[in-house]
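# Analysis of the macromolecular model
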Amino acid sequence: MRKVFNFSAGPAVLPQEVLREAADEMLDYQGCGMSVMELSHRGKEFGEILENAEKLLRDLLKIPKNYHVLFLQGGATLQFAMVPMNLFGKTGRAHYFHTGLWSKKAIFEAKKFGEVLISASSEDKNFTYLPTVKAQDLQPDGDYIFMVTNNTIYGTCFKNIPDTGNIPLVGDMSSNILSEPIDVQKFGIIFAGAQKNIGPAGLTIVIIREDLVERTEKKIPTYLDYKTHVKNKSLYNTPPCYTVYLAKLVFEWIKEQGGLDAMGRRNHDKAGLLYDYLDASTLFKSPVVKHDRSIMNVTFVTGQPQLDDIFIREAEGAGLKNLKGHRAVGGMRASIYNAMPKEGVETLIRFMETFEKTHT
Ligand SMILES: *Cc1c(COP(=O)(O)O)cnc(C)c1O
């Protein structure tokens, strides 16, 4: 058993069972005499890994047949550019919901390629809530609508995905993909960097509806064109093979745990324990309005930055790692992704209770 609980926002905790399996197969993958790291990306063994990874992900998320699944690189950050490069078309306009630092980066990038309309924003209250989006906010029509479904830094999560009709909705789901069931059909594109809830860093998953693959008529760099990766089944160039392999092991693990229904129940349970404690605490509080709280990233503060620092330091010493909030917001953040056991959350709460008693 490990002696610490890692609350890092990303790269983040991975399931113990997955790491153990990877360790067991590290030197000799299923008797082939080579490590997965040494396999040709065009060989039979890796071909099966990639194929199974896609199949498992399709099953878990119930991805419809008219969507492609791509295994790319460049992080979620590269998607901030690939989305506008590939989707700007007829109107040359897109709607963005501004809900934090990641949306800010996405907006910054999109503005290089077309007109960006900020149709909803929660900047007025430092992103501690999520704006409600009405149909009239999405006028005039744009080529697509962009949202970050879970705001990793601020600890907010959209509970309702807006119905955007014929306009494709693009979702940055980096920090909540696979945390509970979702309706893929509400989106034109879903993307996620792997290092939060999927696997190690270096892999980006893109789920794209087939009619959006050939949207742009512009000449864009080959690697940045979704067509390239669809045509080549994510093997246009060398994919991040080992990360794909670990992602496959994580998908298997989620399936063994009971799939996304079970994952969702477990995640709501874990987050509920922590939020209930925060709401009852006289020292710690959650800055996020109840309705918009994330079940993946739980932010909290004491209201005194110096005391926050002491808490973070003492927690580290007690084996509760990486609880420091993002530098943009300060305070604390407990990222409690799929692989964080309930015991980790319970241990954190006990530690907070003790800290509260000695500091109030
Ligand atoms: C972490 C994160 C990103 C950035 O991901 P990279 O893979 O580092 O590019 C983007 N969006 C969200 C919501 C994130 O949580």
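Our structure is the block above this text.
Just so you know, these numbers come straight off a predicted model, no measurement behind them.

## Overview of a nonpolar patch on the surface
Among the surface-exposed residues, Met26, Leu27 and Met37 lie close enough to one another that they form a single nonpolar patch of about 330 Å² accessible area. Mapped onto the secondary structure, Met26 falls in the loop between α1 (16–25) and α2 (44–61). Taking the relative accessible area as the measure of exposure, Met26 reaches 32% and is therefore partly exposed.

## Focus: the site of the ligand
Taken together, 13 residues lie near the ligand, and Thr77, Thr152, Asp172, Gln195 and Lys196 sit nearest. Measuring from a nitrogen atom of the ligand, one finds a side-chain N or O atom of Asp172 at 2.6 Å. Summarising the interface, the protein chains cover 87% of the accessible area of the ligand, which totals 390 Å² for the free molecule. The greatest single-element share of the shell around the ligand, amounting to 4 residues, is contributed by helix α3 (residues 75–87).

## A short note on the pattern of salt bridges
Under the criterion given, the structure shown has 12 salt bridges. Of the charged contacts, one joins Lys44 and Glu48 as a salt bridge, the two residues approaching to 4.0 Å between their closest N and O atoms. Note that Lys44 and Glu48 are positioned in helix α2 at a spacing of 4 residues, about one turn of the helix. Taking relative accessible area as the criterion, Lys44 reaches 61% and is therefore assigned exposed.

## Re the sheet that holds strand β3 (residues 93–98)
The strands making up a sheet associate through backbone hydrogen bonding, with each pair oriented either parallel or antiparallel. One open sheet holds the 7 strands; their spatial order is β2-β10-β9-β8-β5-β3-β4, and the pairing between them is mixed. Taken across any chain shown, the strands that pair with only one partner, and hence form the sheet edges, are β2 (67–72) and β4 (115–121). In this sheet, adjacent strand axes meet at a mean angle of 20 degrees when their direction is disregarded. Examined bridge by bridge, β3 and strand β5 (residues 144–148) share 3 bridges and lie parallel to one another. Residue His95 lies in a different strand from β5, and its bridge partner there is Ile145. In the packing of α2 onto the sheet, the strands contacted are β2 and β10 (204–209), and the crossing angle to β2 comes to about 130 degrees.

## Re the nonpolar core
Residues Leu61, Leu178, Ile198, Ile205, Tyr245 and Phe251 are the most contacted members of the largest nonpolar core, which totals 54 residues. Within the residue set of this core, elements represented by two or more residues are α1, α2, β2, β5, β9 (189–193), β10, α6 (241–256) and α7 (259–280). Among the elements that line this core, the one with the most residues is α6, at 11 residues. Apart from the residues within four sequence positions on either side, Ile205 is in contact with Leu57, Val69, Leu70, Phe71, Ile190, Phe191, Ala192, Ile198 and Phe251. Counting residues in each nonpolar core, the second largest holds 34 residues, with Ala9, Val13, Ala334 and Phe355 among its members.

The rules behind the values
Residues numbered from 1 in each chain as written. Predicted model: local features only at pLDDT ≥ 70, side-chain atom pairs only at ≥ 80, totals over all residues. Heavy atoms only, no water. Patch = residues over 30% accessible without salt bridge, like charges linked within 9 Å, V, L, I, M, F, W, Y side chains within 5 Å. Areas by Shrake-Rupley, 256 points an atom, 1.4 Å probe, with all protein chains shown as cover. Salt bridge = Lys/Arg side-chain N within 4 Å of Asp/Glu carboxyl O. Helix = DSSP H or I, 4+ residues; strand = E, 2+ residues; numbered from the N terminus. Buried < 20%, exposed > 50% of the residue type's maximum accessible area, 1.4 Å probe, protein only. Near = heavy atom within 4 Å. Polar contact = N/O pair within 3.5 Å; in protein donor to acceptor, adjacent residues only side chain to side chain. Pairing = 2+ DSSP bridges. Axes fitted to C-alpha atoms, helices over the stretch in contact; angles between N-to-C directions. Contact = heavy atoms within 4.5 Å. Core = buried A, V, L, I, M, F, W, Y, C linked by side-chain atoms within 4.5 Å.

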